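# Architecture and fold: a report
Each chain, letter by letter, is given below.
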Amino acid sequence: MSATQVHVIGDPIAQSKSPLIHNFWLEKLGLEGEYSSEQVTIEELASYIERQRSTSGWAGCNVTMPHKQAVLPFLDQVDPVAARLSAVNTIVRGANGELTGFNTDVGGFLEPLNAILKARHLFRMARILGTGGAARAIIAGLADHGFTLVVAGRNPDKARAMLDELAPGGEHHAVHLSHFARPTDFVFDDREGCLDLVINASPLGMTDKPPLEFDWSHAPPGSIAYDIVTSPLETSFLKGAARAGHPVIGGLSMLIGQAAIAFEKFFGVSAPRDCDSELMELLTR
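Structure report, in brief.

Quick notes on the rules
- Residues numbered from 1 in each chain as written.
- Predicted model: local features only at pLDDT ≥ 70, side-chain atom pairs only at ≥ 80, totals over all residues.
- Heavy atoms only, no water.
- Buried < 20%, exposed > 50% of the residue type's maximum accessible area, 1.4 Å probe, protein only.
- Helix = DSSP H or I, 4+ residues; strand = E, 2+ residues; numbered from the N terminus.
- Pairing = 2+ DSSP bridges.
- Contact = heavy atoms within 4.5 Å.
- Salt bridge = Lys/Arg side-chain N within 4 Å of Asp/Glu carboxyl O.
- Axes fitted to C-alpha atoms, helices over the stretch in contact; angles between N-to-C directions.
- Parallel < 35°, antiparallel > 145°, perpendicular 65-115°, else oblique.
- Left-handed = near helix turned anticlockwise from the far one by under 90°.
- Nonpolar A, V, L, I, M, F, W, Y, C, P; charged D, E, K, R; others polar.
- Phe/Tyr/Trp six-rings, centres within 6.5 Å; stacked < 30°, edge-to-face > 60°.
- Lys NZ or Arg CZ within 6 Å of the ring centre and 35° of its normal.

Looking now at the pairing of strand S6 (residues 99-102). Covered by surrounding structure in S6 are Leu-99 and Gly-101 together with Thr-100 and Phe-102, the residues of both alternating faces. Alignment of strand S5 (residues 90-93) against S6, held across four bridges, turns out to be antiparallel. Within S6, the position partnered with Arg-93 by the bridge is Leu-99. Between S5 and S6, which pair antiparallel one after the other, the connecting turn spans five residues, and Gly-97 there sits at a positive phi close to 85°.

Okay, the side chain of His-172 next. Examined against the element boundaries, His-172 turns out to sit in the loop between helix H7 (156-166) and strand S9 (173-176). In this structure, His-172 is in contact with Phe-147, Thr-148, Leu-149, Arg-160, Leu-163 and Ala-167, ignoring residues within four places of it in sequence.

With that out of the way, let us pick up the pattern of salt bridges. All told, the structure shown has 12 salt bridges when counted by the stated rule. The partner of Arg-273 in a salt bridge is Glu-111, with the nearest N and O atoms 2.8 Å apart. Here Arg-273 is found in the loop between helix H9 (251-267) and helix H10 (276-283), whereas its partner Glu-111 is found in the loop between helix H4 (105-110) and helix H5 (114-117), with 162 residues between them in sequence. Taking relative accessible area as the criterion, Glu-111 reaches 28% and is therefore assigned partly exposed. Between Asp-276 and Arg-273 there is a salt bridge, with the nearest N and O atoms lying 2.9 Å from each other. Through salt bridges with shared partners, a single network forms among Arg-127, Asp-189, Arg-191 and Asp-196.

This paragraph deals with the sheet that holds strand S10 (residues 194-200). The sheet built from six strands is open, its strands ordered S9-S8-S7-S10-S11-S12 with parallel pairing. With one partner strand each, in any of the chains shown, S9 and strand S12 (248-249) form the two edges of the open sheet. Both strand S7 (residues 123-129) and strand S8 (residues 148-153) contribute to a ladder of five bridges, which runs parallel. Looking across to S8, one finds that Ile-128 is bridged to Val-151.

Attention now goes to the packing of helix H1 (residues 18-29) against H9. H9 packs onto H1 with a crossing angle of 55° between their chain directions and a minimal axis gap of 10 Å. Viewed along their axes, H1 and H9 adopt a mutual orientation that is oblique. The two elements H1 and H9 meet at a crossing, and its hand is right-handed. Facing Ile-21, His-22, Trp-25, Leu-26 and Leu-29 of H1, the residues of H9 in contact are Leu-255, Ile-256, Ala-259, Ala-260, Ala-262, Phe-263, Phe-266 and Phe-267. Residues of the contact of H1 with H9, tallied by class, amount to 12 nonpolar, one polar and no charged.

Before going further, it helps to examine the packing of aromatic side chains. Summed over all chains, the structure comprises 10 aromatic pairs. Where Phe-263 meets Phe-267, the ring centres are 4.8 Å apart and the plane angle is 45°; that geometry is what we call tilted. Residue Phe-263 and its partner Phe-267 are located together in helix H9, separated by four residues, close to a single helical turn. Positioned above the aromatic ring of Phe-102, the side-chain terminus of Lys-265 is 4.0 Å from the ring centre.

In this section: the packing of H1 against H10. When two helices pack together, their arrangement is captured by the angle between the axes and the distance separating the axes. Where H1 meets H10, the axes come as close as 11 Å, and the angle between the chain directions of the two elements is 140°. The angle between H1 and H10 places the two elements in the oblique class. In this structure, H1 meets H10 at a crossing whose hand is right-handed. Between H1 and H10, the residues in contact are Leu-20, Ile-21, Phe-24, Trp-25 and Lys-28 and Glu-278, Leu-279, Leu-282 and Leu-283, respectively. For the contact of H1 with H10, the class distribution of residues is seven nonpolar, no polar and two charged.

Here's what the structure looks like:
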């Protein structure tokens, strides 16, 4: 029996850390399998899917940009979360060759917050900076956990449309990204018993991208700063949060969390999360 094969596809794909993560777990568990990257252009996507559907040993693939929406017509079924987001980042091949699409971004984003979310809060608010695909997953995940959301983007109308689509019925707000760049003298009310998040869901601050301009006077005391950017690991956004006394969560937490969900779907066993510190060290070299 051939070893289980899994790919991550995208264009470009060389920057993906997914092969390192999954192969690390396979080695730790002593499993026969291989996870590799495949550069697939948008023109090659249909033929790639059809070819792999009948390839012995192929368990599926992760999907990154620009294919998360483009892959939908080639699937036999789509998980409700992926259908809600209109985006798939994990394709799993069934025993009869049927392909099911999932989105693990919501679960991956929420994972480092799970312990906090189990507590009861008088009020939950999240300021989400960005209106791309990652922001869609974050909006949906936090809305389901009772957060009031403020979404900031260069196009507030797009932010409003995302809120109306993914978090209808709540008293959410859409603002221009520049709103948070300027200092404020707003006096926050008593935040005891409240949970506040400030999330960079944009590519701003990523290596070779402009920095995210956020003035920490907009963050209530005790707010958790969460940046989904993975390169660099310590962004200017997180540095500013730490200087202002806020706890921080870096992008590797979400990356590893969403990978662990996909790993179990591909290989049928849980990822060895007791090795997270070793994996983190490997990813930061």
